[in-house]
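Chain by chain, the residues run as shown.
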Amino acid sequence: MERKYEVTAQAVQGVIASYEADVKEAEDAANKVMADWRFSASGKEHAKQNLYKELQERADKYMNLIRDAAKDFCDTYRIKLPSDNKDHSMDIANALKMIDVLGFKLTVETLKTILEPIKNSYKHMKMIADVLEAKNKGITADYIHYDPAVMTTMYEWLGVNTKVFDYLDAFREVEEICTTERIKLYAATNSYGNASLVSLNPQIPYEIFALPDAMIRAGKMYAELEREFSELFKVHTPTDAEMIESIAKN
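Residues numbered from 1 in each chain as written. Predicted model: local features only at pLDDT ≥ 70, side-chain atom pairs only at ≥ 80, totals over all residues. Heavy atoms only, no water.

**Digging into the nonpolar core**
- F73, I128, L132, M154, Y167 and M215 are the most contacted members of the largest nonpolar core, which totals 62 residues.
- Examining the composition of this core, we find that twelve residues originate from one element, helix 2 (residues 41-77), more than from any other.
- Sequence-distant contacts of F73, that is, excluding residues within four places in its chain, are made with Y5, F171, V174, M215, A218 and G219. (Core = buried A, V, L, I, M, F, W, Y, C linked by side-chain atoms within 4.5 Å. Buried < 20%, exposed > 50% of the residue type's maximum accessible area, 1.4 Å probe, protein only. Helix = DSSP H or I, 4+ residues; strand = E, 2+ residues; numbered from the N terminus. Contact = heavy atoms within 4.5 Å.)

Right, here's the structure in full:
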């Protein structure tokens, strides 16, 4: 029995294939209009524009389906990270200032002082880790980086296997699809000669093409991590019985 993330990934692939087929169908229809002597020049243009409008409406519907699939994936495979539910805005501000002032001279002892007030909030701990990682990956004039012991201490204080970081990055690839409005499907139009031949090229952003693989990758990581860190997961991977019930409902 396929897991839910596999079914969802296949659904996205199906939506992409349907969109590509619609673009080809619209292109064929537009060229039939252009070759039909019964249409005047203005009539051909009017008919062509109507085809494009209908195609874009379909593209918008397909994009909504893709976003819905991404949202469903995220709702199912989101992990719940530890938090003390306290306001740490001042602690974070102080920590970031200290990191900025000390630069790569940050010591393990100072890092521990920075982390102490937020040690029970994974979200804020991860925020500091992200900042340190970003700075450490940057290229400086003299190639200076943090003492390796600083980063080791950071990960130790997080207390979570670094596999979780990789999963969060993979999960974010899917999550970005369901939260962004900038990604759209559309077709580029090329006309040749006296607009006697129309070529429609489906414009599918890389993020959409990569989405099914991102879902499969994140889903497999989730299944593996769930066995190691079950306390981090608010829901479990659907069982075969749950999958059958879900399919029956749909």
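Next comes the rest of the account.
**Focus on the pattern of salt bridges**
- Within this structure, the stated rule accounts for twelve salt bridges.
- Residues R78 and E175 are paired through a salt bridge, measuring 3.0 Å at the closest nitrogen-oxygen approach. A residue pair is termed long-range when its members are at least 10 positions apart, and R78 in the loop between helix 2 and helix 3 (89-102) and E175 in helix 7 (residues 163-179) qualify at 97 residues.
- Overall, R78 belongs to the partly exposed group, its relative accessible area being 28%.
- Taking the relative accessible area as the measure of exposure, E175 reaches 23% and is therefore partly exposed.
- One network of salt bridges, in which partners are shared, links D22, E54 and R58. (Salt bridge = Lys/Arg side-chain N within 4 Å of Asp/Glu carboxyl O.)

**A few points about the packing of aromatic side chains**
- Scanning the entire structure with this criterion turns up eight aromatic pairs.
- Plain terms: the ring middles of F73 and Y77 are 4.8 Å apart, the flat faces sit at 40° to each other, and that makes the pair tilted. Taken as a pair, F73 and Y77 lie in helix 2 at a separation of four residues, close to a single helical turn.
- Here F73 falls in the buried class, since its relative accessible area comes to 1%. (Phe/Tyr/Trp six-rings, centres within 6.5 Å; stacked < 30°, edge-to-face > 60°.)

**Some thoughts on the side chain of T8**
- Here T8 is to be found in helix 1 (residues 4-35).
- In contact with T8, other than residues within four places in its own chain, are A69, D72 and M215.

**Brief notes about the packing of helix 5 (residues 122-137) against helix 6 (residues 148-158)**
- Where helix 5 meets helix 6, the closest approach of the two axes is 10 Å, and the angle between their N-to-C directions is 160°. In terms of their interaxial angle, helix 5 and helix 6 are classed as roughly antiparallel. For the pair helix 5 and helix 6, the sense of crossing is left-handed. Along the contact surface, helix 5 presents Y122, M125, K126, I128, A129, L132, E133 and N136, while helix 6 presents M151, M154, Y155, W157 and L158.
- Here the residues of the contact of helix 5 with helix 6 are counted per class, giving ten nonpolar, one polar and two charged. (Axes fitted to C-alpha atoms, helices over the stretch in contact; angles between N-to-C directions. Parallel < 35°, antiparallel > 145°, perpendicular 65-115°, else oblique. Left-handed = near helix turned anticlockwise from the far one by under 90°. Nonpolar A, V, L, I, M, F, W, Y, C, P; charged D, E, K, R; others polar.)

Function-wise, these values are silent; they only describe arrangement.
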